[in-house]
Amino acid sequence: MNAAPHQTDLKPHTAGTDTSVVQTGAEVLLRVLSEQGVEVIFGYPGGAVLPIYDAIFRQNAIRHVLVRHEQAAVHAAEAYARSTGKVGVVLVTSGPGATNTVTGLLDAMLDSIPVVCFSGQVGVPLIGTDAFQEADTTGITRPATKYNYLIRRADEIAPSVHEAFHIARSGRPGPVLVDLPKNLMVGPAPYTAPPRAPHPSYQPQTEPGREAIARAVAAMKGARKPLFYTGGGVINAGPEASVVLRRLVEKTGFPCTSTLMGLGAMPSDDRRFLGMLGMHGTYEANMATHDCDVLIALGSRFDDRVTGRLDAFSPGSFKIHADIDPSQINKIVRVDVGVVGDVRRVIEMMLEEWDCTPANSRQPIDLAQWWHQIGEWRGLDSLGFTQDMTPGAIIRPQYAIRRLHELATATGRDTYVSTEVGQHQMWAAQHFGFDRPNRWLTSGGLGT
């Protein structure tokens, strides 16, 4: 939205409840968003959220990006979150405005993307009366969100929004929806600062257990055909997770493969990186996954696009699975060691444990035969193609994508790649070499 000459920046309070100035619920909402570090809102206006748009118009701290459809607002917020690691914010109106967000919310849910969606709702007295543009938004979106709220009192606005951001960004990230009745946005509301103590019923386990780490590293030390299998959890854990992953791969000398969502955690040109695995992955990555004797899954969820037939997936391997979401351990594939915790901390503790072993166990593991086998698989060049270079020849999509990558590399540009879903998405994943996290923006789990 365009700025107005009389607008002022928000000045968020730092503690306590502000009773010196009477504020509307919409103004309290904007104050909380500012305190949460929100820079931009992606939205589409409607009657139920006009008071919030009035509040946006009267300030300069937060920018608004107008979309043409509410689904696009969620996808835009997802792209913001995927590329920055921050929480994406969405604002839509009631009824059809809220229901149009479901596809985007589910997309964020399956790819573990932190998004907070604010939906307008009819006034509290009208809820349940089939009022104009009323919908059971919390009921409709419950399966597509990590958590959701229906605010019923003005004093719930600030604490619920603070909590929504905490839930969206912590643990396994995901979308949270907050349904805001219109009468609470125009009426007075108190402002409260974020709580200092975490919510007693929501405390994700971020610190891995020492015993599980020790068991995992002991198995890694005894491996002769090991393989790291990394996923989007490494990306979601922040840039430092990719840094420590690269240190772990270098220290162990193990090969590493990645899911579609994990691309960029390892540099594409690292000799230990085997490329993407799964039904659209490289031959060497899939063969190594099948034949390895120790599989270390870090921040991945054993998606069906990776595993194929479960009874034939890496059948002879000792499996280690590290994930911040305890429900993912043994959900699809039975593992020998489950490690619950933030994947960055898991990797850091693996590095510590690798060095804290008896002297007779510190000798480098002999992986020469394993790397020789991987080299033979690589030699088949499963993604190879030929490009006719004569004038007027048809340009192959794979060649075009590789040339784009070469141009980006040669010019040193910090390049972000976004795709829709389909063959072009797989060509981009296969032929554009991602060397940094958060540069690959694509729909993985939902394929939208």
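Small disclaimer: the values here were computed from a predicted structure and weren't measured.

1. So, the pairing of strand β4 (residues 88–92)
When you tally the buried positions in β4, you get 5 out of 5 residues, the bulk of the element. Residues G88, V90 and V92 of β4 are buried on one face, and the alternating residues V89 and L91, pointing to the opposite face, are buried as well. Pairing analysis gives 2 bridges linking strand β2 (residues 40–43) to β4, with the strands arranged parallel. Within β4, the position partnered with F42 by the bridge is V90. Taken together, the 5 bridges between β4 and strand β5 (residues 115–121) define a ladder with parallel strand orientation.

2. A short note on unusual backbone geometry
Here D130, not a glycine, exhibits a phi torsion of approximately 60°, which is positive. Topologically, D130 is positioned in the loop between β5 and α6 (137–141). For S314, which is not a glycine, the phi torsion comes out positive at approximately 40°. A relative accessible area of 1% means that S314 is categorised as buried.

3. A short note on the confidence of the model for the protein
Confidence in the prediction of the protein, expressed as mean pLDDT, is 93, and 94% of residues score 70 or more. Note that residues 1–19 has pLDDT below 50 and, in this model, 44 contacts with residues that lie over four places away or in other chains.

4. Some thoughts on the nonpolar core
Ranked by size, the top nonpolar core spans 69 residues in total, and within it M220, F228, I296, L298, I320 and M350 carry the most contacts. A total of 7 residues in this core trace back to one element, the largest contributor, which is helix α14 (residues 343–355). Among residues more than four places away in sequence, those in contact with M220 are F228, T252, F254, I296, I320, M350, W354 and I365. Counting 37 residues, the second largest nonpolar core, distinct from the first, contains V161, A168, L180 and L184.

5. A few points about the sheet that holds β5
Spatially, β3-β2-β4-β5-β7-β6 is the arrangement adopted by the 6 strands of the open sheet, whose pairing is parallel. The open sheet is flanked by β3 (63–66) and β6 (147–150), the only strands paired with a single partner. Here the average twist between neighbouring strands, direction ignored, is 20°. Note that β5 and strand β7 (residues 175–181) share 7 bridges and pair parallel. Across the sheet, the residue bridging to Q121 is P181, located in β7. Contacts from helix α2 (residues 50–57) reach β2, β3, β4 and β7 within the one sheet, and its direction differs from that of β4 by about 125°. Contacts from helix α3 (residues 70–84) reach β2, β4 and β5 within the one sheet, and its direction differs from that of β4 by about 165°.

6. Quick look at the environment of R172
Relative to the elements of secondary structure, R172 occurs in the loop between α7 (157–169) and β7. When the C-alpha positions of R172 and D342 are compared, they lie 8.7 Å apart, and in sequence the two are 170 residues distant. Setting aside chain neighbours within four positions, we find R172 in contact with M109, L110, S112, K146, R301, I324, D325 and Q328. Looking at R172, its side chain comes within polar contact range of the side chain of D325, at 3.0 Å.

7. Considering the environment of S83
By the secondary structure assignment, S83 is in helix α3. Residues S83 and T409 lie 326 residues apart in sequence; the distance between their C-alpha atoms is 19 Å. Ignoring anything within four residues of it in the chain, the contact list for S83 reads Y416, N438 and L441. Of the polar contacts made by the side chain of S83, one reaches the backbone oxygen of Y80; its length is 3.2 Å.

Reading guide: rules and limits
- Residues numbered from 1 in each chain as written.
- Predicted model: local features only at pLDDT ≥ 70, side-chain atom pairs only at ≥ 80, totals over all residues.
- Heavy atoms only, no water.
- Buried < 20%, exposed > 50% of the residue type's maximum accessible area, 1.4 Å probe, protein only.
- Helix = DSSP H or I, 4+ residues; strand = E, 2+ residues; numbered from the N terminus.
- Pairing = 2+ DSSP bridges.
- pLDDT = per-residue confidence, 0-100.
- Contact = heavy atoms within 4.5 Å.
- Core = buried A, V, L, I, M, F, W, Y, C linked by side-chain atoms within 4.5 Å.
- Axes fitted to C-alpha atoms, helices over the stretch in contact; angles between N-to-C directions.
- Polar contact = N/O pair within 3.5 Å; in protein donor to acceptor, adjacent residues only side chain to side chain.

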